[in-house]
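Listed here are the chains, written in short residue letters.
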Amino acid sequence: AIEEIKSKTFDLILMDINLKQPMDGLMLAKYLRDENVFTDKPILALTAYKISSDVITLKSAGLDGVIRKPILKNELLIKLSEFL
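Given the structure is predicted, the values throughout are model-derived calculations rather than measurements.

The rules we used
- Residues numbered from 1 in each chain as written.
- Predicted model: local features only at pLDDT ≥ 70, side-chain atom pairs only at ≥ 80, totals over all residues.
- Heavy atoms only, no water.
- Buried < 20%, exposed > 50% of the residue type's maximum accessible area, 1.4 Å probe, protein only.
- Helix = DSSP H or I, 4+ residues; strand = E, 2+ residues; numbered from the N terminus.
- Arc of directions from axis to C-beta.
- Contact = heavy atoms within 4.5 Å.
- Polar contact = N/O pair within 3.5 Å; in protein donor to acceptor, adjacent residues only side chain to side chain.
- Salt bridge = Lys/Arg side-chain N within 4 Å of Asp/Glu carboxyl O.
- Pairing = 2+ DSSP bridges.
- Axes fitted to C-alpha atoms, helices over the stretch in contact; angles between N-to-C directions.

Peer 1: Can you lay out helix α2 (residues 25-34) for me, pointing to particular residues and giving the numbers?
Peer 2: Among all positions in α2, only G25, L28, A29, L32 and R33 are buried. Along the long axis of α2, the arc covered by the buried residues comes to 135°, so they all point the same way. At its buried positions, α2 is contacted by α1 (2-7), β1 (13-16) and β2 (43-47). The residue sitting at the N-terminus of α2 and contributing the capping side-chain oxygen is D24; that oxygen lies 3.1 Å from the backbone nitrogen of L26. Following α2 by one or two positions, N36 has its phi on the positive side, about 55°.

Peer 1: Help me get a handle on the pattern of salt bridges, residues and values and all.
Peer 2: Side chains bearing opposite charge may pair, as long as their charged atoms lie close to each other. Applying the stated criterion to the full structure yields five salt bridges. K8 is paired through a salt bridge with E4; the nearest N and O atoms lie 2.8 Å apart. Residue class for K8 comes out partly exposed when judged on its relative accessible area of 47%. For E4, a relative accessible area of 39% translates into the label partly exposed. E82 is the partner of K79 in a salt bridge, and the nearest nitrogen-oxygen pair spans 3.9 Å. You can see K79 and its partner E82 sitting in helix α4 (residues 73-83), three residues apart, about one turn around the helix.

Peer 1: Go over the side chain of R33 with me, naming the residues and quoting the values.
Peer 2: Tracing the backbone shows R33 in helix α2. For R33, the side chain forms a polar contact with the main-chain oxygen of T39, separated by 3.4 Å.

Peer 1: Can you explain the side chain of T47? Please cite residues and give values.
Peer 2: Structurally, the position occupied by T47 is in strand β2. Setting aside anything within four residues of it in sequence, one finds T47 in contact with I17, V66, I67, R68 and K69.

Peer 1: Describe the sheet that holds strand β3 (residues 65-68), naming the residues involved and giving the relevant values.
Peer 2: Each strand in a sheet pairs with another by means of backbone hydrogen bonds, the pair being arranged parallel or else antiparallel. With respect to topology, three strands assemble into an open sheet ordered β1-β2-β3, the strand pairing being parallel. Of all strands in the sheet, those with a lone pairing partner are β1 and β3, marking the two edges. Across this sheet, the average inter-strand angle for adjacent strands is 30°, counted without regard to direction. Bridging between β2 and β3 involves four bridges; their strand directions are parallel. Bridge assignment links A45 to a residue of β3, and that residue is V66. Its contacts with the sheet place α2 against β1 and β2, and it is angled at close to 140° to β1. Contacts between α4 and the sheet are confined to β1, β2 and β3, with β3 contributing the most and set at about 170° to the helix.

Structure below.
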C-alpha cells in the first residue's frame, strides 16, 4: 500500500482499521502522515468497531473521519462529499 500511495495520486484514502500485520490501519495512517507520504488529503477509517470514544486516538493517528461498516451507499456518498 505504501508504494502505491507513493507512486500514484489519490484524492482520499479509505483505510480499513483491521489490517493484517505488520501494520494495522492506525499504524499505517500514522506512518503516512509522519513520513509526509500523504499529508494534504483526507484519510477516513473504515471499521465495524464502535470507536466513538476513540476519536482522539484516530485523530492522533492522522485519520480525518470514520465510516462504519456495514457501509450504506447513501451514507458513504454523504461522508465522501464532506471531504472531497
